[in-house]
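# Secondary and tertiary structure notes
What follows is the residue order along each chain.
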Amino acid sequence: MRNHQGMEVSFAAAEAVRLCNVDVVAAYPITPQTHIVERLSKYVADGKMDAEFVPVESEHSALSLCIGSSAVGARSFTCTSSQGLALMNEIVYLVPALRLPIVMILANRSLSGPLSIWNDHSDVMSVRDTGWIQLFAENGQEVFDHVMIAYKIAENENVLLPVIINMDGFILSHMFEPIELTGQEAVNTYLPSYRPRFILHPDRPVTMGAYTMPTLFTEAKKAQEEALLASYPYILQAWKDWGTLCGRVYHPVETYYTEGAETLFVTMGSIGETAGEAVRLLREQGQKAGLVKLRLWRPFPLEDFLREIGSAQRLIVIDRALSPGGPGGGPVAGEIRAALYNRENRPQVFNFIAGLGGREVTVGSFQEMFVSSVSGKASGYQIFGVRG
Amino acid sequence: METKKKKVFPVRKLDAEEYFAPGHRACEGCGEVLALRLIHKALGPNVIVASATGCMEIISSPFPYTSWEVPWIHVAFENTAAVAGGIEAGLKVLQRKAKREKKKIVVVAMAGDGGTADIGLQALSGAMERGHDFIFICYDNEAYMNTGVQRSSLTPLGASTTTSPAGACQHGQTVWKKNMMAIAAAHYIPYIATVSPSYPMDLVEKVTKAANIKGPAYIHALSVCPPGWGISSSETVKLGRLAVETGVFPLYEIEKGKYRVTVNVEKLKPVEAYLQPQARFRHIQSDLDLIARISYRVQTYWERLKAKAARA
Ligand SMILES: Cc1ncc(C[n+]2csc(CCOP(=O)(O)OP(=O)(O)O)c2C)c(N)n1
């Protein structure tokens, strides 16, 4: 029998940060991220974690402070949601550019306005093009595991990029779940202490954050993209090593009932579990439904995705954010359509914008989406279940 | 009071080493870079510097070149105090956990007046309030010079800038200069001082003191800007002196709450002596009422300062 403990997912996340022996935590409270930072500050106050907990005056300063601490070689952590991420947006771009392996948990919440504290993915979509490695967790165990995994990836000398772990606000952050906690020794073996080669040090002075003229800016951007793309095999390796250690194996694209499926749901985050239940029921009814879940959002695992969708005829892509005034649908569906456009025998893509600002998405919702797509009633994109 | 005989910093003790290499792109006669060079002579090699966006960043770090002989990082415009706070927190915990050798490193944040008093004020206030052990240096050239002489909250009353222009209806900057020293003092930090590169020994003494004091220190350096202020590039040092001699920019320190005027002026020169040579004040030369108001304000501030120092 494995040793599972029931706990709030936010506390499991904080426990993982503690196990990672993080040196500096800087964060500013925002619902639904608060329980993570509260727990971390208590750990520090109780002497259970040897770290500097810096209660900064804004999210902008939270990430800026992590840049400073990471640049001197400290393992650094922040977490936020929604408006907090929007406020730190300027600094989000700078972390990959400075190649600093900061880890951030994003307790996904909608962006105002109107103000809403509830869950969707509009916050993370606003930082899509910042150059961070971006992962989605589906349940509490995945959140816990991915804190260790994220540092393992980020600090790899061949990667040196920051990582965002997305966890749905409330639906995950405030849920009580059974979590299998990994022991300190196992974490230490998996994640040795961070020994960066380039740090701010008076004995070996370096200049960080120099600016470029037009003659070099494009090359700098190309180098950043290459670094992000090149991180892919190390992400796989980090998952593989974690699997060896704990027996839980992760992939860039997770699948459920894809064999022989004609219609595939595509999801990111916690609704994957609900979608899975819907797929199981549809299969029971003899429908050829399946599910593809994107765990890795950046770098986009295109080859894995294409392999997993196989020869399905229909994709039902669920977006948790709207791209107002765009050429059609949400950001995820837009990317998938673009990726498929030049391929022969491409599947039809249906797009449902669902679960905005905490609106419930149930097993029944997926069944409805399935029926309207298969019957050809759905087209382009639609905001699922919207009134008016 | 300041008339007491005080120890004078001997010139020969000034570090011969340069920590800011020549070949940078500052304008001729730049008072900001003069202050910067002296400040780093005072600080020596064991520093880590976080810089805001602005003139000093732009002139010193066009990739792949750098003027910095000490470790230096630039991130953005408004967050340099937060970055420095992170450097300090990082060094502290890493040394405690024996992941970095124990060694005194002075953490320095630097910004222009905009990066200090306007867009950077929140991060600065946060870092001072939290008590990070660092020095914040405001290089005050009294406008956003890097972007072309726009007004800041530290632009003095009457000065013409590109966003507080002198016109038929408006005489340049319409409001008084914000008092950053008082704002820093309101945080009860252990050391606060004004410095000017026109008084290099006073500057070096204060920066040395700031480096040796535990907790936040705030240094406000008046940085004469020939193109922005409309003076000849050979007048920088002279104008910096006039700022002190007229009482426009008194040199003083507040150490653990105690005020001390470090460069006494027996009798202040009339403010006109300072205003007159600068093109940014040209349009107010005949506005005697405005000049009288400026003069009164300068005089009163100076008297109050001396009274505070006398009480100390
Ligand atoms: C968020 C943000 N807003 C505006 C700018 C544009 N900007 C760059 S430097 C600068 C002015 C700098 O002025 P100051 O801090 O006084 O320093 P100086 O250049 O005069 O030394 C401005 C407005 C920026 N880089 N970032």
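Residues numbered from 1 in each chain as written. Chains lettered and ligands numbered in written order. Predicted model: local features only at pLDDT ≥ 70, side-chain atom pairs only at ≥ 80, totals over all residues. Heavy atoms only, no water.

## A closer look at the overall build of chain B
- Secondary structure assignment for chain B yields 11 helices and 8 strands.
- Its C-alpha radius of gyration of 19 Å places chain B within 12% of the 20 Å reference for a compact globule of 312 residues.
- Seen through its principal axes, chain B has C-alpha atoms that stretch 65 × 45 × 35 Å.
- In chain B, of all internal contacts separated by at least 6 residues, the share reaching a separation of at least 24 is 70%.
- Summing over all exposed atoms, chain B offers an accessible surface of approximately 12,800 Å²; the carbon and sulfur share of this is 56%.
- Looking at chain B, you have 39 positive and 28 negative side-chain charges, and the mean spots of the two groups are 7 Å apart. (Helix = DSSP H or I, 4+ residues; strand = E, 2+ residues; numbered from the N terminus. Rg over C-alpha atoms; globule rule 2.2 N^0.38 Å. Contact = heavy atoms within 4.5 Å. Areas by Shrake-Rupley, 256 points an atom, 1.4 Å probe, with all protein chains shown as cover. Lys, Arg positive; Asp, Glu negative; His and termini not counted. Charge placed at Lys NZ, Arg CZ, Asp CG, Glu CD.)

## A look at the nonpolar core
- If you look at the biggest cluster of nonpolar residues, it comprises 122 residues, and the most contacted ones within it are L315 of chain A together with I73, I87 and Y218 of chain B.
- Considering every element that reaches this core, the biggest residue donor is helix α3 (residues 80–96) of chain B, with 9 residues.
- Here this core spans two domains, since at least three of its residues come from each of domain 1 (4–246) and domain 2 (255–383) of chain A.
- V103, V143, I153 and V187 of chain A belong to the second-largest nonpolar core, a separate cluster that totals 54 residues. (Core = buried A, V, L, I, M, F, W, Y, C linked by side-chain atoms within 4.5 Å. Buried < 20%, exposed > 50% of the residue type's maximum accessible area, 1.4 Å probe, protein only. Domains from an automatic or database assignment.)

## Points about the interface of chain A and chain B
- On the chain B side, the residues contacting the 43 residues of chain A number 46 residues.
- Together chain A and chain B conceal approximately 3,400 Å² of surface at their shared face, both sides included; 59% is due to carbon and sulfur atoms.
- Of all residues in chain A, E52, P202 and Y211 of chain A give up the largest surface area on contact with chain B, accounting jointly for 19% of the area buried on that side.
- Run the count over chain A and chain B and you get 7 salt bridges.
- For K99 of chain B, the salt bridge is made with D23 of chain A, and the minimal N-O distance between the two is 3.0 Å.
- Run the count over chain A and chain B and you get 21 residue pairs in polar contact (both at pLDDT 80 or more). (Buried area = accessible area lost by both parts, 1.4 Å probe. Salt bridge = Lys/Arg side-chain N within 4 Å of Asp/Glu carboxyl O. Polar contact = N/O pair within 3.5 Å; in protein donor to acceptor, adjacent residues only side chain to side chain.)

## Some details on the sheet that holds strand β4 (residues 76–80) of chain A
Residues and elements named next belong to chain A.
- Across the sheet, which stays open at both edges, the 7 strands sit in the order β3-β2-β4-β5-β7-β6-β13 with mixed pairing between neighbours. Only two strands of the sheet have a single partner each, and these edge strands are β3 (52–54) and β13 (296–298). Averaged over all neighbouring strand pairs, the angle between strand axes comes to 20°, with direction disregarded.
- One ladder, built from 2 bridges, connects strand β6 (residues 133–136) with β13; its direction is antiparallel. (Pairing = 2+ DSSP bridges. Axes fitted to C-alpha atoms, helices over the stretch in contact; angles between N-to-C directions.)

## Considerations on the packing of aromatic side chains
Residue and element names in this part refer to chain A.
- For the structure shown, the criterion picks out 12 aromatic pairs over all chains.
- Seen from their ring centres, Y190 and W242 are 4.9 Å apart, and the 70° between their planes marks the pair as edge-to-face. With a gap of 52 residues between them, Y190 in helix α8 (residues 184–190) and W242 in helix α10 (residues 232–246) connect regions that are remote in the sequence.
- Since its relative accessible area comes to 0%, W242 is described here as buried.
- Here the aromatic rings of F352 and F384 are separated by 6.2 Å at their centres, their planes lie at 80°, and the arrangement is edge-to-face. (Phe/Tyr/Trp six-rings, centres within 6.5 Å; stacked < 30°, edge-to-face > 60°.)

## With respect to the packing of helix α9 (residues 214–230) of chain A against α10 of chain A
Residues and elements named next belong to chain A.
- Taken N-terminus to C-terminus, the directions of α9 and α10 make an angle of 30°; their axes are 5 Å apart at the nearest point. As judged from the angle between their axes, α9 and α10 are roughly parallel. Residue-level inspection shows L228, L229 and A230 of α9 in contact with α10, the latter providing Y232, P233 and Y234.
- Looking at side-chain class alone, the contact of α9 with α10 contains 6 nonpolar, no polar and no charged residues. (Parallel < 35°, antiparallel > 145°, perpendicular 65-115°, else oblique. Nonpolar A, V, L, I, M, F, W, Y, C, P; charged D, E, K, R; others polar.)

## Side note on unusual backbone geometry
- Backbone torsion omega between T31 of chain A and P32 of chain A reads 5°, so that peptide bond is classified as cis.
- Positionally, P32 of chain A belongs in the loop between β2 (24–26) and α2 (34–45).
- At the junction of S112 of chain A and G113 of chain A, the peptide bond is cis and its omega measures out at 5° in the coordinates.
- Tracing the chain through its elements places G113 of chain A in the loop between β5 (103–108) and α6 (122–125).
- In this model, S82 of chain A sits at a positive phi of 40°, which is unusual for a non-glycine residue.
- Locating S82 of chain A in the fold gives a position in helix α4 (residues 82–92).
- Look at E142 of chain B: it is not a glycine, yet its phi comes out positive at around 65°.
- Mapping E142 of chain B onto the fold places it in the loop between β4 (135–140) and α6 (180–185).
- Using a relative accessible area of 6% as the deciding quantity, one classes E142 of chain B as buried.

## Side note on the site of the ligand
Residue and element names in this part refer to chain B.
- Every one of the 18 residues lining the ligand counts as a neighbour, but E32, C55, G114, G115 and M145 are closest to it.
- Within the contact set of the ligand, an oxygen atom lies 3.1 Å away from a side-chain nitrogen or oxygen of D113.
- Compared with its free state, where it exposes 580 Å², the ligand has 77% of that area covered by protein.
- Ranked by residues supplied to the shell around the ligand, first place goes to helix α4 (residues 113–118) with 3 residues.
- When grouped by side-chain class, the residues that make up the shell around the ligand number 6 nonpolar, 8 polar and 4 charged. (Near = heavy atom within 4 Å.)

## Quick notes on the pattern of salt bridges
- On inspection of all chains with the given rule, the structure shows 38 salt bridges over all chains.
- Across the pair E157 of chain A and R197 of chain A runs a salt bridge whose closest N-O atoms are separated by 2.6 Å. Taken together, the residues span a long stretch of sequence, with E157 of chain A in the loop between α7 (140–155) and β7 (163–168) and R197 of chain A in the loop between α8 and β9 (207–208) at a distance of 40 residues.
- What emerges from the salt-bridge pattern is a single network uniting D50 and E52 of chain A together with K92 and R96 of chain B.

## Points about the sheet that holds strand β11 (residues 263–267) of chain A
Residues and elements named next belong to chain A.
- One open sheet accounts for 6 strands, arranged β10-β12-β11-β14-β15-β16; its pairing is mixed. A strand with exactly one partner marks an edge of an open sheet, and here the two such strands are β10 (253–256) and β16 (381–383). Going across the sheet, the axis of each strand differs from the next one's by a mean of 20°, ignoring polarity.
- The sheet strands contacting helix α13 (residues 331–340) are β11, β12 (289–294), β14 (314–319) and β15 (348–353), and the helix crosses β14 at an angle near 145°.

## Quick look at the domain arrangement of chain A
All names here are of chain A.
- Along its sequence, chain A is carved into domain 1 (4–246) and domain 2 (255–383).
- Placing the centre of domain 1 and that of domain 2 at their C-alpha centroids yields a distance of 28 Å.
- Each partner contributes to the interface: domain 1 provides 29 residues, whereas domain 2 provides 24 residues.
- Together domain 1 and domain 2 conceal approximately 2,100 Å² of surface at their shared face, both sides included; 58% is due to carbon and sulfur atoms.
- At the junction of domain 1 and domain 2, the tally comes to 4 salt bridges.
- The partner of D168 in a salt bridge is R320, and the shortest N-O contact between them spans 4.0 Å.
- Taken together, the elements giving at least two residues each to the side of domain 1 that touches domain 2 come down to α6, β6, α7, α9 and α10.
- Of the residues forming the side of domain 1 that touches domain 2, the biggest block, 4 residues, is contributed by β6.

## A closer look at a nonpolar patch on the surface
- Taken together, L322, Y381, I383 and V386 of chain A make up a surface patch of nonpolar side chains, about 320 Å² in accessible area.
- With respect to the helices, strands and loops of the structure, V386 of chain A is situated in the segment after β16. (Patch = residues over 30% accessible without salt bridge, like charges linked within 9 Å, V, L, I, M, F, W, Y side chains within 5 Å.)

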